[in-house]
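Read off the chains here:
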Amino acid sequence: MHSRPPGLPTLGSTPNVDRLDRPLRDLRISVTDRCNFRCVYCMPREVFGPGFEFLPRDELLTFEEIRRLAGLFVELGVEKIRLTGGEPLLRRELETLVSLLASLPSLQDLTMTTNASLLTSERARSLKEAGLQRVTVSLDALDDATFRRMSDVGIPVTRVLEGLDAAVEAGLTPVKVNMVVKRGENENQILPMADHFRGTGKILRFIEFMDVGTSNGWKMDDVVPAREILDRLNRRWPLEPVDSQYPGEVASRYRYRDGGGEVGIISSVTRPFCATCTRARLTADGELYTCLFGARGHDLRGPVRQGTSDAELKDLIRGLWSRRTDRYSELRSEATAHLPRVEMSRIGG
Ligand code: SAM
Ligand code: SF4
Ligand code: SF4
């Protein structure tokens, strides 16, 4: 039996909890299933090639529909919203959506995960002005050849580094940097990345390569375990653990003992954190997933377009969350690796 994580803020009303007593606190909204990268671990070119059919425009939730649903999620306990994709900066006029969401009462955190290749200084400033608070930038290598091999689109790594700087200049801080570590592809970048970001205020987080979707050819052998990443870092720059800031925090946090700042490790494969998972995910076409590894979502766009009232929609979402039993990462095995599930680019990270 899972117990409720300690220290959760009380809202005055009973929080909406699932079958494992986990409250609904975070909403990740995918605003597009398209991307200008073809990262080998997410949208491999062999699968997401020229013939791949992305969602047609009229199937995407409109900004007003997203705003309405997000508002209901906030009323049900969501405190943090993250925009994601695909690549969220490909969605036209994203600033309009950001300002609609920023006006939601009692929302505490509005962030975005991006590959930053389209994050010009102007774009970063307009997103900040619209109300975006922070960004997380995905970057898997500093070495240009390794970066290009992993993102597989011929964009130089300097473009992402410029995007990172633009985010900092615009005040979308603290910026976090996500590095997916894949055995044999970029593990030699662990120390150079740590060295580059130490002391900069940008928080590097190493992510174990996950078996999301069914197209990235995941094998356990390709995972560089968190323990190994930590050992490598600790040998070079001794580390000490930092207490988590809030229940349900995804990354385990460490600080360099020499004052070089912090790093995080997201170990969803070798040290799963399902027991404190408070995240719901909304796809660009309005399907609600209660787990990153879900086989199918629950359609919310249909009810929204059929004139369902706010109260009925809230009952629907509350009901779906209350029946949630997901804990895929705790149950992962060779057998589960081949079960059908949604692609990362559709559901967002
Ligand atoms: N395109 C944006 C980006 O890359 O930042 C947002 C969407 S992307 C799906 C969100 C996050 O998922 C990224 O940080 C990415 O590195 C991570 N991701 C994608 N596939 C993954 C995998 N197989 N294992 C671990 N993380 C993965
Ligand atoms: Fe695109 Fe992000 Fe997936 Fe890379 S990880 S292919 S940037 S959606
Ligand atoms: Fe949450 Fe599912 Fe990931 Fe577990 S496997 S942490 S339930 S998204």
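As a starting point, this report considers the structure included with it. Model, not experiment: these values are computed from the prediction. (Residues numbered from 1 in each chain as written. Chains lettered and ligands numbered in written order. Predicted model: local features only at pLDDT ≥ 70, side-chain atom pairs only at ≥ 80, totals over all residues. Heavy atoms only, no water.)

A closer look at the overall build of the protein chain
When helices and strands are counted, the protein chain shows 11 helices and 12 strands. Scaling as 2.2 N^0.38, a compact globule of 349 residues should have a C-alpha radius of gyration of about 20 Å, and the protein chain matches this with 19 Å. Seen through its principal axes, the protein chain has C-alpha atoms that stretch 55 × 45 × 40 Å. For the protein chain, the proportion of its 349 residues judged to be buried stands at 57%. If you sum the accessible surface of the protein chain, you get close to 15,000 Å²; carbon and sulfur atoms cover 49% of it. With 50 positive and 49 negative side-chain charges, the protein chain shows a spacing of 2 Å between the two charge centroids. (Helix = DSSP H or I, 4+ residues; strand = E, 2+ residues; numbered from the N terminus. Rg over C-alpha atoms; globule rule 2.2 N^0.38 Å. Buried < 20%, exposed > 50% of the residue type's maximum accessible area, 1.4 Å probe, protein only. Areas by Shrake-Rupley, 256 points an atom, 1.4 Å probe, with all protein chains shown as cover. Lys, Arg positive; Asp, Glu negative; His and termini not counted. Charge placed at Lys NZ, Arg CZ, Asp CG, Glu CD.)

Quick look at the site of ligand 3
Surrounding ligand 3, one finds Phe273, Cys274, Cys277, Arg279, Arg281, Cys291, Leu292, Phe293, Arg324, Asp326, Tyr328 and Ser329. Mapped by element, the contributors of at least two residues to the shell around ligand 3 are strand 10 (279–282) and helix 10 (328–331). Taken together, the residues that form the shell around ligand 3 break down as seven nonpolar, one polar and four charged. (Near = heavy atom within 4 Å. Nonpolar A, V, L, I, M, F, W, Y, C, P; charged D, E, K, R; others polar.)

Remarks on the side chain of Glu343
Note on placement: Glu343 falls in the loop between helix 10 and helix 11 (344–347). Here Glu343 occupies a buried position and makes no salt bridge, while the nearest side chain of opposite charge, Arg341, is found at 7.6 Å. Of note is the side chain of Glu343, whose polar atom sits 2.9 Å from the backbone nitrogen of Thr214. Residues contacting Glu343, with those up to four places away along its chain left out, are Cys42, Phe48, Gly213, Thr214 and Ser215. (Salt bridge = Lys/Arg side-chain N within 4 Å of Asp/Glu carboxyl O. Polar contact = N/O pair within 3.5 Å; in protein donor to acceptor, adjacent residues only side chain to side chain. Contact = heavy atoms within 4.5 Å.)

Things to note about the site of ligand 1
Lining the immediate surroundings of ligand 1 are 20 residues, of which Tyr41, Gly86, Thr114, Ser138 and Met210 lie closest. Taking Ser138, its side chain carries an N or O atom lying 2.5 Å from an oxygen atom of ligand 1. One nitrogen or oxygen atom from the side chain of Asn178 is found 3.3 Å from an oxygen atom belonging to ligand 1. Across the complex, the protein chains shield 94% of the 540 Å² of accessible surface that ligand 1 would expose by itself. Elements with a minimum of two residues in the shell around ligand 1: strand 3 (109–114), strand 5 (176–181) and strand 6 (203–208). The residue makeup of the shell around ligand 1, split by class, is eight nonpolar, 10 polar and two charged.

Overview of unusual backbone geometry
Residues Thr173 and Pro174 are joined by a peptide bond in cis, for which omega reads 0°. A positive phi is found at Ser106, a non-glycine position, where the angle reads about 70°. Looking at where Ser106 falls in the secondary structure, it is placed in the loop between helix 2 (94–102) and strand 3. Classification of Ser106 as exposed rests on a relative accessible area of 57%. Although it is not a glycine, Asp152 adopts a positive phi angle of roughly 55°. Along the chain, the position of Asp152 falls in the loop between helix 4 (144–151) and helix 5 (157–170). Relative accessible area serves as the criterion here: at 27%, Asp152 is assigned to the partly exposed category.

Side note on the packing of helix 3 (residues 121–130) against helix 5
In the contact formed by helix 3 and helix 5, the axes pass within 8 Å of each other and the chain directions differ by 40°. Judged by the angle between their axes, helix 3 and helix 5 are oblique. Considering only the axes of helix 3 and helix 5, their crossing is right-handed. Only Ala166, Ala167, Glu169 and Ala170 of helix 5 make contact with helix 3, whose side of the interface consists of Ser121, Ala124, Arg125 and Lys128. Each residue belonging to the contact of helix 3 with helix 5 can be placed in one class, and the counts come to four nonpolar, one polar and three charged. (Axes fitted to C-alpha atoms, helices over the stretch in contact; angles between N-to-C directions. Parallel < 35°, antiparallel > 145°, perpendicular 65-115°, else oblique. Left-handed = near helix turned anticlockwise from the far one by under 90°.)

Observations regarding the packing of aromatic side chains
Enumeration according to the criterion identifies five aromatic pairs in this entry. An angle of 75° between the planes, with centres 6.1 Å apart, marks the rings of Phe37 and Phe147 as edge-to-face. Highlighted residues: Phe37 in the loop between strand 1 (26–30) and helix 1 (63–75) and Phe147 in helix 4, separated in sequence by 110 residues. Taken as a pair, Phe37 and Phe147 share a single burial class, namely buried. (Phe/Tyr/Trp six-rings, centres within 6.5 Å; stacked < 30°, edge-to-face > 60°.)

A few points about helix 4
Regarding helix 4, the residues found buried are Thr146, Phe147, Met150 and Ser151. Buried positions in helix 4, seen along its axis, are confined to an arc of 115° and lie on one side of it. For helix 4, the secondary structure elements touched by its buried residues are helix 5 and strand 5. Just beyond helix 4, the residue with positive phi is Asp152, at close to 55°. (Arc of directions from axis to C-beta.)

Focus on the nonpolar core
In this structure, Ile81, Leu139 and Phe206 are the most contacted members of the largest nonpolar core, which totals 104 residues. When residues of this core are assigned to their parent elements, the largest contribution, seven residues, is made by helix 1. Once residues within four sequence positions are removed from consideration, Phe206 is found in contact with Met179, Val181, Ile190, Ala194, Ile229, Leu233, Val263, Gly264, Ile265 and Ile266. (Core = buried A, V, L, I, M, F, W, Y, C linked by side-chain atoms within 4.5 Å.)

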